[in-house]
Amino acid sequence: MEIERKYLIDRPECLPENYKAFPSHHIEQGYLCTSPVVRVRKSDDEYYLTYKGKGLLAREEYNLPLTKEAYEHLIQKADGIVLTKRRYLIPLEGGLIIELDIFEGVYAGLILAEVEFSSLEEAQQFTPPAWFGQDVTFSGEYQNSKLSAGR
């Protein structure tokens, strides 16, 4: 089960000055299907096929490892836009991690932050850092599968 909240970072000047000092991954991903979500992802030199169930705050998620060859075959079959982004992993108090996504390509300039939680209660009680923008968790507008369709 994936439980996460998503925020639009609409004031890039408010990002933490040192965010680039944190660990990061270059991500490329495409969608074979958006209902249900079936995604292929390259994260640095690791490859995955992911299934995601319905939902906005909480939903089922299963990741299966792929070989590079399988990924390269499947990414050619992706519908819509293949998304590319740099993901920075910024620690928060309490063991939480901000996944700060700086998009490239078609969505250059788009910045989203996601925080994953171990329970719904933890997600509902979360107070975001001041530099986070609008909570877009429940709009669905900024789900990567929707972005791949061109919004």
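Here's what I pulled together on the structure shown here.

Rules behind the numbers
Residues numbered from 1 in each chain as written. Predicted model: local features only at pLDDT ≥ 70, side-chain atom pairs only at ≥ 80, totals over all residues. Heavy atoms only, no water. Pairing = 2+ DSSP bridges. Helix = DSSP H or I, 4+ residues; strand = E, 2+ residues; numbered from the N terminus. Contact = heavy atoms within 4.5 Å. Axes fitted to C-alpha atoms, helices over the stretch in contact; angles between N-to-C directions. Core = buried A, V, L, I, M, F, W, Y, C linked by side-chain atoms within 4.5 Å. Buried < 20%, exposed > 50% of the residue type's maximum accessible area, 1.4 Å probe, protein only. Salt bridge = Lys/Arg side-chain N within 4 Å of Asp/Glu carboxyl O.

## What about the sheet that holds strand β3 (residues 37-43)?
Here is step 1: Within the open sheet, the nine strands sit side by side as β5-β1-β9-β8-β7-β2-β3-β4-β6. Their pairing is antiparallel. This sheet does not close on itself; its edge strands, each paired only once, are β5 (58-59) and β6 (61-65).
Here is step 2: Note: strand β1 (residues 2-8) against β5, two bridges, orientation antiparallel. The residue of β5 that forms the bridge with I3 is A58.
Here is step 3: Each of β2 (24-34), β3, β4 (46-52) and β7 (79-91) touches helix α1 (residues 68-75); the most contacted strand, β2, lies at about 50° to it.

## Things to note about unusual backbone geometry
Here is step 1: Omega for the bond connecting S35 with P36 falls within 30 degrees of zero, at 0°, which places this linkage in the cis form.
Here is step 2: A positive phi angle, near 55°, is found at D44, a position not held by glycine.

## Some thoughts on the nonpolar core
Here is step 1: If you look at the biggest cluster of nonpolar residues, it comprises 20 residues, and the most contacted ones within it are I9, L15, I98, L100 and F132.
Here is step 2: Every element with two or more residues in this core is listed here: β1, β7, β8 (97-103) and β9 (111-116).
Here is step 3: Once you skip the residues sitting within four places of it in the chain, I98 turns out to touch Y88, L89, I90, L92, A113, E114, V115, P129, W131 and F132.
Here is step 4: Among the nonpolar cores identified, the runner-up in size contains eleven residues, and L8, Y31, V37 and L83 belong to it.

## Some remarks on the environment of R5
Here is step 1: The topology assignment puts R5 in strand β1.
Here is step 2: For R5, a relative accessible area of 13% corresponds to the buried category.
Here is step 3: Along the primary structure R5 and E116 are separated by 111 residues, whereas in three dimensions their C-alpha atoms are 6.7 Å apart.
Here is step 4: In this structure, R5 is in contact with L57, A113, E114, V115, F117, A123, Q124, F126, D135 and T137, ignoring residues within four places of it in sequence.

## A short note on the pattern of salt bridges
Here is step 1: The full count for this structure, using the stated rule, is nine salt bridges.
Here is step 2: One salt bridge connects E114 with K6, and the closest N-O pair in it is separated by 2.9 Å. Within this pair, whereas E114 is found in strand β9, its partner K6 is found in strand β1, the two being separated by 108 residues in sequence.
Here is step 3: K6 gets classed as buried once you look at its relative accessible area, which sits at 8%.
Here is step 4: Three or more residues are tied together by salt bridges with common partners; here these are K6, K85, R87, E99, D101 and E114.

Any functional reading would require information that these geometric values do not contain.
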